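Understanding the architecture of this molecule
Here's the letter readout for the chains.
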Amino acid sequence: MRIGELSRRTGASVRALRHYENEGLLRPGRRSNGYRVYEDDAVDLVRQIRTMIDSGLPIRIIRDVLPYLDGPTQLMPQVPCAHLMEQVAEQLAHLEQSIHSLTRNRDAIGAYLAAARTAAAAQQLTLT
């Protein structure tokens, strides 16, 4: 698929997709006319990238972590950078806190919806 189609399917702007390519996150092929061509799996990859960006991960960390999402395609550095590991640990803690908050909010909304449905059903019974 061409870049416009990938943009439509993922909601990412063409500019963002070009940025991901420049940062080494996406690797499209090229047609003889120079147009970018993306495989179907690029849709999921772009969604993963956007999710990580939305969660606050910087591109430099995404670039290092991305190969490990579906299994390692690169070897870890022989001597991992302590600063990078600290940043990844901070991001992991941030993600865990976000997941906890989202889970709590989901449960509260679910409880509200269940109570509202019960009340609506009870009111419906009294009206009939």
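Along each chain, the written sequence defines residue order, and numbers are assigned to residues from 1. For a predicted model such as this one, the threshold for reporting local features is a pLDDT of at least 70, and the threshold for listing and counting side-chain atom pairs is 80 or more; totals across whole chains, interfaces and linings nevertheless cover every residue. The side-chain numbers reported here are obtained from all heavy atoms of the structure, hydrogens and water having been left aside.

A few points about the nonpolar core
Condition: What is meant by a nonpolar core is a set of buried Ala, Val, Leu, Ile, Met, Phe, Trp, Tyr and Cys residues, joined one to another through side-chain atoms within 4.5 Å. When a residue's accessible area, from a 1.4 Å probe over protein chains only, is under 20% of the maximum for its type it is buried; when over 50% it is exposed; and in between it is partly exposed. Think of it this way: any DSSP run of H or I at least four residues long counts as a helix, any run of E at least two long counts as a strand, and we number them from the N terminus. Working rule for contacts: check all heavy atoms of both residues, and any pair within 4.5 Å makes them a contact.
In this structure, L6, L17, Y20, L25, L26, Y38 and V46 are the most contacted members of the largest nonpolar core, which totals 20 residues. Mapped by element, the contributors of at least two residues to this core are α1 (3-10), α2 (14-22), α3 (42-54) and α4 (59-65). Among the elements that line this core, the one with the most residues is α3, at 5 residues. With residues up to four places along the chain from it excluded, the contact list for V46 reads L6, T10, A12, L17, Y20 and L26.

Notes on the packing of α1 against α2
Packed helices, taken two at a time, are described by the angle their axes make and the gap between the axes. Basically, it comes down to this: Axis definition: a line fitted to C-alpha atoms, limited for helices to the stretch in contact. Angles are taken between N-to-C directions and run from 0 to 180 degrees. An angle below 35 degrees is treated as roughly parallel, one above 145 as roughly antiparallel, one from 65 to 115 as roughly perpendicular, and anything else as oblique. Side-chain classes are defined by residue name, with Ala, Val, Leu, Ile, Met, Phe, Trp, Tyr, Cys and Pro counting as nonpolar, Asp, Glu, Lys and Arg as charged, and the others, Gly among them, as polar.
In the contact formed by α1 and α2, the axes pass within 9 Å of each other and the chain directions differ by 110°. The angle between α1 and α2 falls in the class roughly perpendicular. In this structure, α1 contributes I3, G4, L6 and S7 to the contact, and α2 contributes V14, L17 and R18. Looking at the contact of α1 with α2 residue by residue, the class counts come to 4 nonpolar, 2 polar and 1 charged.

Some thoughts on the side chain of T10
For clarity, the cut-off: Any pair of nitrogen or oxygen atoms within 3.5 Å is treated as a polar contact; in protein, a donor-acceptor pairing is required on top of that, and neighbouring residues in sequence qualify only through side-chain atoms on both sides.
Examined against the element boundaries, T10 turns out to sit in helix α1. Judged by its relative accessible area of 13%, T10 is buried. A polar contact is formed between the side chain of T10 and the backbone nitrogen of A12, at a distance of 3.2 Å.

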